[in-house]
Amino acid sequence: MINIYDSANQLEQDLRNTPEYKDLKVAYEAVKADESAYQQFKEFQKAQIDFQGKQVQGNVEESDLNNIKALGEKVEKIEVIMNLMNKERTLAQLIDEINQIMFKPVSELYQS
């Protein structure tokens, strides 16, 4: 019998060995090495989480939008953070492709 969790654990290990993950890891270490950039990145992450929470609750105000936009514009000017975000997008694309493969049986089931 197949143990799907073994396959998932192997996929996790394989993901760690992809160039996309390794590039993200290097980019994150570069952000962490720049104390100012790291603090701004952490501030932006916290703001994103807070904003998403407000979106879920339906409590987004114009000041929230302005705040997240201003922080986004601020971090866009920091090269190491933008590099990290680009690497994150690349890894997210890979994970999206993997998700499509994993859910192929369900998609095929509903198409029949």
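Everything below is about the structure shown above.
How each quantity is defined
- Residues numbered from 1 in each chain as written.
- Predicted model: local features only at pLDDT ≥ 70, side-chain atom pairs only at ≥ 80, totals over all residues.
- Heavy atoms only, no water.
- Helix = DSSP H or I, 4+ residues; strand = E, 2+ residues; numbered from the N terminus.
- Expected span 1.5 Å × (residues − 1).
- Buried < 20%, exposed > 50% of the residue type's maximum accessible area, 1.4 Å probe, protein only.
- Contact = heavy atoms within 4.5 Å.
- Phe/Tyr/Trp six-rings, centres within 6.5 Å; stacked < 30°, edge-to-face > 60°.
- Salt bridge = Lys/Arg side-chain N within 4 Å of Asp/Glu carboxyl O.
- Polar contact = N/O pair within 3.5 Å; in protein donor to acceptor, adjacent residues only side chain to side chain.
- Core = buried A, V, L, I, M, F, W, Y, C linked by side-chain atoms within 4.5 Å.

K.L.:
How should I be thinking about helix α5 (residues 79-102) in this particular structure?
P.N.:
For α5, spanning 24 residues, the distance from its first C-alpha to its last is 35 Å, which sits close to the expected 34 Å at 1.5 Å a residue. Here α5 has its buried residues at Ile 81, Leu 84, Met 85, Leu 91, Leu 94 and Ile 98. Among the structural elements, α1 (4-16), α2 (19-33), α3 (35-57) and α4 (62-76) are those in contact with the buried residues of α5.

K.L.:
Help me understand the packing of aromatic side chains, please; the structure alone is not making it clear to me.
P.N.:
Aromatic ring pairs are reported here in terms of the distance separating the ring centres and the angle at which the planes meet. Throughout the structure, instances matching the rule amount to 2 aromatic pairs. Ring centres 6.3 Å apart and planes at 65° place the aromatic pair Tyr 28 and Tyr 38 in the edge-to-face group. Residue Tyr 28 is located in helix α2, and its partner Tyr 38 is located in helix α3; the two are separated by 10 residues in the primary sequence. On the basis of relative accessible area, Tyr 28 is assigned to the partly exposed category, the value being 25%. Between Tyr 28 and Phe 41, the aromatic rings sit 6.3 Å apart at their centres with planes inclined by 65°, giving edge-to-face as the arrangement.

K.L.:
Before we go on, may I ask you to explain the pattern of salt bridges in this structure?
P.N.:
Opposite charge on two side chains lets them pair, provided their charged atoms get close. Per the counting criterion, the structure on display carries 4 salt bridges. Asp 50 is the partner of Lys 46 in a salt bridge, and the nearest nitrogen-oxygen pair spans 2.9 Å. With Lys 46 and Asp 50 both in helix α3, this residue pair falls 4 residues apart, about one helical turn.

K.L.:
Teacher, can you tell me more about α3 here?
P.N.:
Each full turn of the α-helix corresponds to 3.6 residues, which orients residues three or four apart in the same direction. With 23 residues, α3 should reach 33 Å at 1.5 Å per residue; the first-to-last C-alpha distance of 33 Å fits that figure. Within α3, the full set of buried residues consists of Ala 37, Gln 40, Phe 41, Phe 44, Ala 47 and Phe 51. Where α3 is buried, its residues touch α2, α4 and α5. Backbone geometry just after α3 places Gly 58 at a positive phi near 75°.

K.L.:
What should I look at first to understand the side chain of Asp 64 in this one?
P.N.:
Residue position: Asp 64 is located in helix α4. Within polar-contact distance, the side chain of Asp 64 engages the side chain of Lys 54 at 2.9 Å. When near neighbours in sequence (up to four residues on either side) are disregarded, Asp 64 contacts Phe 51, Lys 54 and Asn 59.

K.L.:
Would you explain the nonpolar core in this entry?
P.N.:
Inside soluble globular proteins, nonpolar side chains tend to come together where they are buried. Counting residues in hydrophobic clusters, the biggest one holds 18 residues, and the most contacted among them are Phe 44, Ile 81 and Leu 84. Of all the secondary-structure elements, those providing two or more residues to this core are α2, α3, α4 and α5. In contact with Leu 84, other than residues within four places in its own chain, are Leu 24, Ala 27, Tyr 28, Val 31 and Phe 41.

K.L.:
Would you take a moment to explain the environment of Ala 70 for this structure?
P.N.:
Within the fold, Ala 70 resides in helix α4. Measuring from C-alpha to C-alpha, the distance between Ala 70 and Thr 90 comes to 24 Å, with 20 residues separating the pair along the chain.

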